[in-house]
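Listed below are the residues making up each chain.
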Amino acid sequence: MSIRLCTSEMSERDYAHQLHLERDLTLDRGFYIVNLNDIKYKVDLWRRSCPRVTPFYAVKCNDDLAVLSVLANLGVNFDCASKAEISKVLSLGVAPSRIIYAHPIKAPSYLKYAKTRGVRKMTFDCVEELQKIADIYPEAQCVLRLKVDDSDSTFKLSLKFGAAEEDCLRCLQEARRLGLEVVGVSFHVGCNNQSPYAYANALNFARRVCDQGEKIGFSMKFLDIGGGYPGYHGFEPIFEKTSNAINAALETNFPKGAGFEIISEPGTFFVSSAFSLCARIIGKKVSQPMEKESPNKTVIQYYVNDSVYKSFNISFFTDACVSPLCLEDDKVSGELCETVIWGNTCDGVDKIKQSCLLPELEVGDWLMFDSLGAYSTTLETPFNGMEAPDKYYMARPEIAEVFNAMKVFNDEEDVAHVHRHFSLSSQARGLRQAA
Ligand SMILES: *Cc1c(COP(=O)(O)O)cnc(C)c1O
């Protein structure tokens, strides 16, 4: 891994192009352009759009240290789901009160760790988990995760997690019996949700469960509306509709001035468009059209230096959002050909893009894929021994301030140094004030 900075105002494509020209890049691996300015843009947009909702970034989506540090510096809080995620966020100097342990089913040792580090807020969705919490961490502040409609999302969570409405009362009563404190409710409408109404319906449900909780003696003042907000380039229209629907449903069910603490857990929203991947073509096959077929039936297959086992886990499920661009200007204007893009492993299912149109390219040429920040780097596997992409960071001076003392970092020790530098400067200066 290497970390470098580019502080000038330029596009990701320009920067990638410059790197390609200036550096002797190999065909062994590609690289990400990580645009930290885009993270700041999303934070500002969130605060403008949903001023009543405090975001807790879902670390599982992308745990890049620079991203976490910039978010922490901007005052964003964190949703963690494991011991390692909690530890990583705490090591940035983030207070435990800024973390929610948002996994409804927790390993006992992780729960003990949360206790020793003072991470009190956590979700649950069944009576069995309550017993575990009562045994290990009876001082926890419990948040009941609800099973909500996620039919308009790409990745569904409600089959696995959440209490159905008919089970909520039993959960609340059991918590009472065990002497636990339930402070509110949470839900997740599924990742990349396309329906603003999913949140409105979930908020009505949340209100009903809060009323049940109040009736049996809990102070239900905590509301967690989860993740699910799209974050790819051009997501703004759907986000505007979603945030309007959320604000309206909040006003109806959880009105201002009634003392609610409202949080969300965006993952994809903050990081998706901040990461653009540049992958290089390492192999090519041109299939000649059969004589009877029309001549434009030529299909070109490219093999690139990334795979579904590294950045393109998404292609296992859908390749609709995988859209390659040519990096080099002199290539973009050529005649378009039917194209298939394969990954570099020996696995037959390692197909990145089933079908797209591209000008004819050669081995050594670069493709750029934007909006690959969510569930990409955190799902990398060492499969087949292929190399993971490098990362090059872009940041404007006020965001790059914490990087200023850095030069070039090429190994684990250097990354640790960056880490220390981040946490020190975040405490000493705080980009929050600068922002
Ligand atoms: C995965 C997850 C998130 C993040 O979801 P996005 O759709 O990426 O915003 C938030 N909260 C919980 C509990 C999750 O499991």
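Basis of the calculations
- Residues numbered from 1 in each chain as written.
- Predicted model: local features only at pLDDT ≥ 70, side-chain atom pairs only at ≥ 80, totals over all residues.
- Heavy atoms only, no water.
- Near = heavy atom within 4 Å.
- Polar contact = N/O pair within 3.5 Å; in protein donor to acceptor, adjacent residues only side chain to side chain.
- Areas by Shrake-Rupley, 256 points an atom, 1.4 Å probe, with all protein chains shown as cover.
- Nonpolar A, V, L, I, M, F, W, Y, C, P; charged D, E, K, R; others polar.
- Helix = DSSP H or I, 4+ residues; strand = E, 2+ residues; numbered from the N terminus.
- Contact = heavy atoms within 4.5 Å.
- Core = buried A, V, L, I, M, F, W, Y, C linked by side-chain atoms within 4.5 Å.
- Buried < 20%, exposed > 50% of the residue type's maximum accessible area, 1.4 Å probe, protein only.
- Domains from an automatic or database assignment.
- Salt bridge = Lys/Arg side-chain N within 4 Å of Asp/Glu carboxyl O.

Novice: Outline the site of the ligand, supporting the account with residue identities and numerical values.
Specialist: The immediate surroundings of the ligand are formed by 14 residues, with K60, E265, G267, T268 and Y375 found nearest. Take H188: an N or O atom from its side chain is 2.9 Å from an oxygen atom of the ligand. In the environment of the ligand, an oxygen atom lies 2.6 Å from a nitrogen or oxygen atom belonging to the side chain of T268. With the chains in place, 94% of the 380 Å² that the ligand exposes on its own is no longer accessible. A breakdown of the residues in the shell around the ligand according to their chemical character gives five nonpolar, five polar and four charged.

Novice: Before we move on, can you summarise the environment of L172 with the specific residues and values?
Specialist: Relative to the assigned elements, L172 resides in helix α7 (residues 165-177). Residues L172 and Q212, spaced 40 residues apart in sequence, show a C-alpha to C-alpha distance of 8.1 Å. Each residue touching L172, except ones within four places of it in the same chain, is listed here: L144, V182, V209, Q212, G213, I216, F218 and M220.

Novice: Tell me about the side chain of K391, and please be specific about residues and values.
Specialist: With respect to the element layout, K391 can be found in strand β17 (residues 390-394). Here the side chain of K391 touches D64 through a polar contact of 2.7 Å, side chain to side chain.

Novice: Please set out the nonpolar core residue by residue, giving values where relevant.
Specialist: Formed by 112 residues in total, the largest nonpolar core has its most connected members in L36, Y57, F78, L144, L146, F187 and F369. Counting residues per element, this core draws most heavily on helix α8 (residues 196-215), at nine residues. For this core, the two domains that each supply at least three residues are domain 1 (2-35 + 273-393) and domain 2 (37-269). Ranked by size, the runner-up nonpolar core spans 12 residues in total, among them L19, L25, I33 and C278.

Novice: Tell me about the pattern of salt bridges, and please be specific about residues and values.
Specialist: With the rule as written, the count across this model stands at 17 salt bridges. In this structure, E181 and R120 form a salt bridge, with 3.6 Å as the shortest nitrogen-oxygen distance. Remark: R120 occurs in the loop between α5 (108-117) and β6 (121-124) and E181 occurs in strand β8 (residues 181-186); sequence separation between them is 61 residues. Judged by relative accessible area, R120 falls into the partly exposed class, the value being 36%. Between E165 and R208 there is a salt bridge, with its nearest N and O atoms 2.7 Å apart. Residue E165 is located in helix α7, and its partner R208 is located in helix α8; the two are separated by 43 residues in the primary sequence. Overall, E165 belongs to the partly exposed group, its relative accessible area being 33%.

Novice: Outline unusual backbone geometry, listing residues and values.
Specialist: Backbone geometry at S371 places phi at a positive 55°, although glycine is not the residue there. Tracing the backbone shows S371 in the loop between β16 (366-369) and β17. With relative accessibility at 14%, the residue S371 sits in the buried group. The backbone of Y375 shows a phi angle near 55°, a positive value even though the residue is not glycine.

Novice: Can you tell me about the environment of W366, naming the residues and giving the values?
Specialist: As for its position among the elements, W366 is in strand β16. Here W366 falls in the buried class, since its relative accessible area comes to 1%. C-alpha of W366 to C-alpha of A16: the two residues are 350 residues apart in sequence and 9.6 Å apart in space. Beyond its immediate chain neighbours, meaning those up to four positions away, W366 contacts H20, L25, R29, G30, F31, C278, A279, R280, L325, C326, L327 and E328. Engagement of the side chain of W366 in a polar contact is seen with the side chain of H20, the distance being 2.9 Å.

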